[in-house]
Every structure is written in structure tokens, then in C-alpha cells.
Amino acid sequence: MENRVTKNLYFIPYALWIALFVIAPILLVLYYSFFNIEGALSLENYQKFFTPVYLKMTLSSFWYAFLITAITLLIAYPTALLLTKTRHKYLWLLLLIVPSWINLLLKAYAFLGIFGTYGMANSFLEVIGIGSQQILFTDFSFVFVSVYIFIPFMILPIFNALNELNPTLTDAANDLGASRLTTFWRVTLPLTLDGVKVGCQIVFIPALSLFMLTRLIAGNRVITLGTAIEQHFLVTQDWGMGSTIAVFLIIIMFLFMKLTGSRKRGI
Amino acid sequence: MGNRKTSPLSTLFLVLIFTILYLPIFFLVFYSFNSGGTMYDFEGFTLDWYKELFADTRLLIIVLNTLLIALLSALISTVIGVMGAIAIYSFKNRKTKNTLLSLNNVLIVSPDVIIGASFLILFTMAGIKLGMFSVLLSHIAFCVPIVVLMVLPKLLEMSPTLIDAAHDLGASRWDVMRKVVLPYITPGIFAGFFMALTYSLDDFAVTFFVTGNGFTTLSVEIYSLARRGIALNINALSTLLFLFTIVLVIVYYFITVRNKPTGMGVRR
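Calculation rules
- Residues numbered from 1 in each chain as written.
- Chains lettered and ligands numbered in written order.
- Predicted model: local features only at pLDDT ≥ 70, side-chain atom pairs only at ≥ 80, totals over all residues.
- Heavy atoms only, no water.
- Helix = DSSP H or I, 4+ residues; strand = E, 2+ residues; numbered from the N terminus.
- Contact = heavy atoms within 4.5 Å.
- Areas by Shrake-Rupley, 256 points an atom, 1.4 Å probe, with all protein chains shown as cover.
- Lys, Arg positive; Asp, Glu negative; His and termini not counted.
- Charge placed at Lys NZ, Arg CZ, Asp CG, Glu CD.
- pLDDT = per-residue confidence, 0-100.
- UniProt positions renumbered as here; feature names shortened; annotations may be inferred.
- Axes fitted to C-alpha atoms, helices over the stretch in contact; angles between N-to-C directions.
- Parallel < 35°, antiparallel > 145°, perpendicular 65-115°, else oblique.
- Left-handed = near helix turned anticlockwise from the far one by under 90°.

> Give me the lowdown on the overall build of chain A, citing residues and values where you can.
Secondary structure summary: chain A contains 13 helices and zero strands in total. The helix and strand sequence of chain A, counted from the amino end, reads α-α-α-α-α-α-α-α-α-α-α-α-α. The dimensions of chain A, computed from C-alpha atoms along their principal axes, are 75 × 70 × 30 Å. Long-range contacts, defined as pairs at least 24 residues apart, comprise 68% of the intrachain contacts of chain A with a sequence gap of at least 6. Accessible surface, chain A as shown: approximately 12,700 Å² in total, 69% of it carbon and sulfur. Treating the 17 positive side-chain charges of chain A as one cloud and the 11 negative ones as another, the clouds have centres 7 Å apart.

This is the structure:
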């Protein structure tokens with residue numbers, strides 16, 4: 001009996017936290033999504049979401065998130081693979097993670113200087129003869145900076161998966177006459193797919209909702225679902241529509257989690 | 001064993017990745033000493049931007065606020081999180097356990113924008129004025145699950161016979177908790193506290209939603225400064241933050257290294 005009492009005592013603050021900050025917020029977002037801008041109960045927001053304007057925004061948001069995830073993966077996988085083969089791999093891994101601890105906004109700010117009209121990137125383009133370009137406030141700069149920010153988060157789970165891979169398996173494949181490429185496709189990649197999935201989860205979902213980068217780097221040219229939510233909540237004060245988009249983002253998130261399988265997440 | 005050695009091409013690739021990762025940071029640091037006032041023409045060495053930074057009392061107050069919020073939220077969320085982890089651990093029913101864990105992970109998986117927006121609704125509905133208190137509450141809220149995830153593996157790794165032995169030897173429930181369980185999970189608690197601290201220090205999106213007009217944290221301030229364009233005191237600030245981060249990483253490294261002998265340490 002005493003057991004139950006102490007158990008409940010521990011459980012109370014945590015249960016309160018779950019009720020107030022996990023369940024209540026989701027229900028409130030759902031509740032608000034049924035109110036139009038005049039504060040009347042309606043399904044107007046959901047109708048609005050299925051108009052070309054919002055559907056196009058959702059699609060482009062998806063496209064950017066996909067692009068960012070794909071490029072990040074293409075860079076991160078070889079990096080992780082090479083890292084596991086270096087001698088002081090944990091030290092290198094730590095050094096790789098350090099930039100991810102620097103405040104995201106400072107990194108974005110750095111790119112304002114690098115990609116600016118007279119910035120380093122343009123000086124470089126001048127030198128190699130291409131000439132100065134408008135880099136900042138383009139789709140390119142948005143994708144570049146996003147990829148830059150997500151690389152460490154993608155490398156980490158892939159590194160862990162590769163690190164746990166039993167080297168005798170690749171050795172066996174080699175002994176049986178598989179080429180290095182075949183070994184990679186048939187052994188290494190399938191066995192580290194879980195790490196790739198986790199990495200994609202960590203990148204894809206936030207990529208749908210990066211609003212500060214679209215404002216700072218893309219100069220409002222790129223509108224993601226996150227930007228739209230921020231806009232509706234803090235600028236136009238249309239909380240209903242913002243909530244509706246949030247509801248769809250939550251649904252997309254769940255579908256994506258289901259699709260990529262494991263719920264396990266490395267943080 | 002030809003592929004054990006890294007080829008020059010792959011070394012080059014790694015060097016390139018590391019260069020790209022660190023370039024923006026060193027770029028910021030480099031230009032923080034530029035007397036020219038821009039991020040493209042380096043005219044001469046100066047410490048003016050640092051002087052300006054330290055003369056800016058408003059910014060110093062913001063830094064103190066940010067640290068205060070981080071420490072308080074890390075402390076409170078560690079207490080709640082440890083209790084939560086123990087509660088989850090003590091539930092015998094597998095289904096209850098899994099449900100609690102899924103609920104625990106909701107805030108970790110959700111995009112910041114949704115957490116921010118939903119907390120904004122919550123605080124408004126509850127009549128909580130936006131400002132320091134709302135920021136503190138939301139930071140505690142998103143730090144709790146991180147602490148739970150850091151502490152729970154330690155609990156699961158602990159052999160239940162330890163507790164049984166303590167009971168058999170006549171220890172009370174409180175004694176078991178204080179003398180057996182808590183010391184055993186201490187590395188996890190520290191890691192959780194530390195993680196919570198860094199999450200809170202780093203958060204922008206959630207804070208941006210729930211902060212009112214009067215209260216700002218460093219991230220929010222940097223955002224509004226950066227939107228106005230380039231100002232080299234931001235560079236000076238980022239240099240200091242970079243040094244601070246390095247110190248944090250070293251501390252974290254020592255915590256995890258110290259963990260190693262007692263078990264697997266924190267799995268990242």
C-alpha cells in the first residue's frame with residue numbers, strides 16, 4: 001500500500017506536466033483551428049487550407065524540406081563513413097558536433113556577411129571569373145544554410161549506426177568476393193538504414209518549420225509551413241488559421257514518423 | 001586491409017566538411033576585430049566592438065536573464081524529470097510505460113513552431129501574462145522530457161537486486177531512494193541537467209512565441225538585431241558565445257568521460 005502512495009507522490013508533478021504541457025496544448029490547437037478570424041465557430045479554415053494558395057505553399061514547403069533532407073544525407077553519409085575510419089574518431093565526432101552547439105541565429109547571421117553583395121562568396125566568384133551574383137535572399141541561400149545547419153544532426157545517428165556495425169560482416173563480404181561497391185550496397189547501407197531514418201526524421205520535420213531562416217536568409221521568398229504559422233500567430237493574429245496549419249503539420253509529422261518506422265530518436 | 005587507411009581523397013573530403021562547418025564561425029570571430037564596421041573590408045584591428053558590447057547595459061541584462069532562465073528551468077525540469085523517470089520506471093505495466101514514454105517524447109519530436117504557438121494559446125487562455133514567467137514555464141516544459149530520456153536508461157540499467165538487497169537489509173523506502181537509487185543515477189541526472197541548460201540557452205522559436213514586449217532572451221535579441229542588418233557588436237558577442245560554448249563542451253565531455261566507468265554513459 002505504501003508503495004502505491006510513494007509512487008503517486010513521484011508521479012504527481014510529472015503527470016501535471018504531461019496534462020498541462022503535452023495534452024492541453026495539442027487539444028487547444030485543435031480547438032482553435034475551428035475558429036475563423038472573427039472568432040466564430042466554423043470550418044472555414046479547413047476550407048481555406050484546401051485552396052490553391054495553401055496547397056501550393058504546403059507542396060513547396062515539402063519540396064524544400066525534401067531537398068534539404070536529401071542534400072544533407074548525401075553529404076552526411078560519406079562524412080560519417082569516413083569518420084568511423086579515422087583514428088581518433090570520437091574526437092573528430094565531438095569537433096563535428098561543436099558547431100551545432102553554436103546558436104543557430106548566429107550561424108544564420110554569419111551567412112548574411114558571407115553571402116552578401118560584397119561578401120566572401122561573391123569575392124570568390126569574382127576571382128574565378130563568374131562575377132558577382134545575388135546570393136542572399138534566394139532559394140539557393142536558404143537551402144545552403146539549412147543544409148549547413150542540419151549536417152551535424154544527420155551525421156550523428158548515421159555515425160552511431162556505422163559504429164555499431166560489426167566489421168566482420170564487411171570483411172566476410174570482401175572474402176566472398178564482393179566488390180567494395182557491392183559490399184556497401186548489400187551490407188553496409190541496409191544495416192545502417194535505421195541511422196539514416198533517424199537522421200531524416202531529425203532533419204525533415206524541422207525543415208518544414210524553419211521560419212527564422214526564411215526571414216533572415218531567404219528574405220521572405222520562401223514560405224514554409226512554419227513561416228505561415230508564425231505569420232498567422234504573431235503578425236496577422238489569425239490564430240484559427242495558424243492552428244489549422246499546425247494541425248496539418250502535426251498530421252504530416254505523425255505520417256512521416258510512421259513512414260520512417262522506428263520512434264527511436266537520438267538527441 | 002587496404003580500406004582501413006583513409007585515402008587522400010577522403011581526407012580532402014573530411015577537411016572540406018570541417019572547413020565549411022567552422023568557416024562561418026571563424027568568419028564572425030575574425031570580423032569582430034574589424035575597425036571598418038563591415039563584414040567584407042578588413043581595415044584594421046580594434047577591440048571597439050567588445051567595448052561597445054560591455055557598455056551596453058541593456059544587452060548585459062538580456063544575457064543575465066537568459067542565464068537565469070536557463071539555470072532555473074534546468075534545475076526545475078531536472079527535479080520534475082527525475083521524478084517522472086522514477087515514476088515511469090516504477091510502473092510495471094508495459095502498456096502504461098509505453099504510453100507515458102510516447103507522451104514524454106511528443107515535445108521532443110514536435111517542431112518548435114508548434115510548441116511555441118500552442119503554448120502561446122495555453123498561456124493566453126490561462127491568463128498568464130507573457131513575459132519572464134511564461135518563458136520560464138515553457139522552457140521547463142520542453143526540458144522535462146530531455147531529462148527523463150537522460151535518466152531513464154540509467155534506471156533501467158540498474159540491477160533490481162540492488163534495491164531488493166537494500167530492502168532485505170532493512171533500509172526504508174526513503175533510504176533506498178537516497179542511498180541507492182539517486183547515487184546510481186547521478187551521472188544521468190547531471191547529463192539531463194546539462195542538456196536542459198543547453199536547450200534552454202539555445203532556444204529561439206519557442207521563446208519567440210511566448211515572450212511579451214518587455215522580456216527578451218539572447219536568441220530573440222540576436223534575431224531582431226540580425227534582421228536589422230550587420231552590426232559588428234553581434235560578431236563580438238558571438239565570439240564570446242563561441243568561447244563559452246567551447247567551455248561547455250569541455251565540461252560536458254568530462255561529465256560523459258567520468259560516466260564511462262559506471263556504465264555505458266549517456267547514449268547520444
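> Explain the confidence of the model for chain B to me, using residue names and the numbers behind them.
All names here are of chain B. Scored by pLDDT, chain B comes out at a mean of 87, with 93% of its residues at no less than 70. Overall, residues 261–268 carries pLDDT values under 50, and its contacts beyond four positions in sequence, including any with other chains, amount to 19 contacts. Overall fold confidence for the complex sits at a pTM of 0.87, while the interface term, ipTM, reaches 0.87.

> Before we move on, can you summarise the UniProt feature "transmembrane region" (unreviewed entry) in chain B with the specific residues and values?
Residue and element names in this part refer to chain B. Listed under "transmembrane region" (unreviewed entry) in the UniProt record, and renumbered for this structure, are residues 12–33, 59–91, 103–126, 132–152, 181–199, 205–225 and 232–255. The distance from the first to the last C-alpha atom of residues 59–91 is 47 Å, and the span holds 97% helix and 0% strand. Within the segment residues 232–255, helix and strand shares are 100% and 0% respectively, and the terminal C-alpha atoms sit 35 Å apart.

> Tell me about the packing of helix H12 (residues 225–235) of chain A against helix H13 (residues 239–259) of chain A, and name the residues and values.
What describes two packed helices is the angle between their axes and the distance between those same axes. All names here are of chain A. Packing of H12 against H13 brings their axes to within 8 Å, and their N-to-C directions diverge by 155°. Relative to H13, the element H12 lies roughly antiparallel. Crossing angle aside, the handedness with which H12 passes H13 is left-handed. Contacts from Leu 225, Ala 228, Ile 229, His 232 and Phe 233 of H12 reach H13 at Trp 239, Met 241, Gly 242, Ser 243, Ile 245, Ala 246, Leu 249 and Ile 252.

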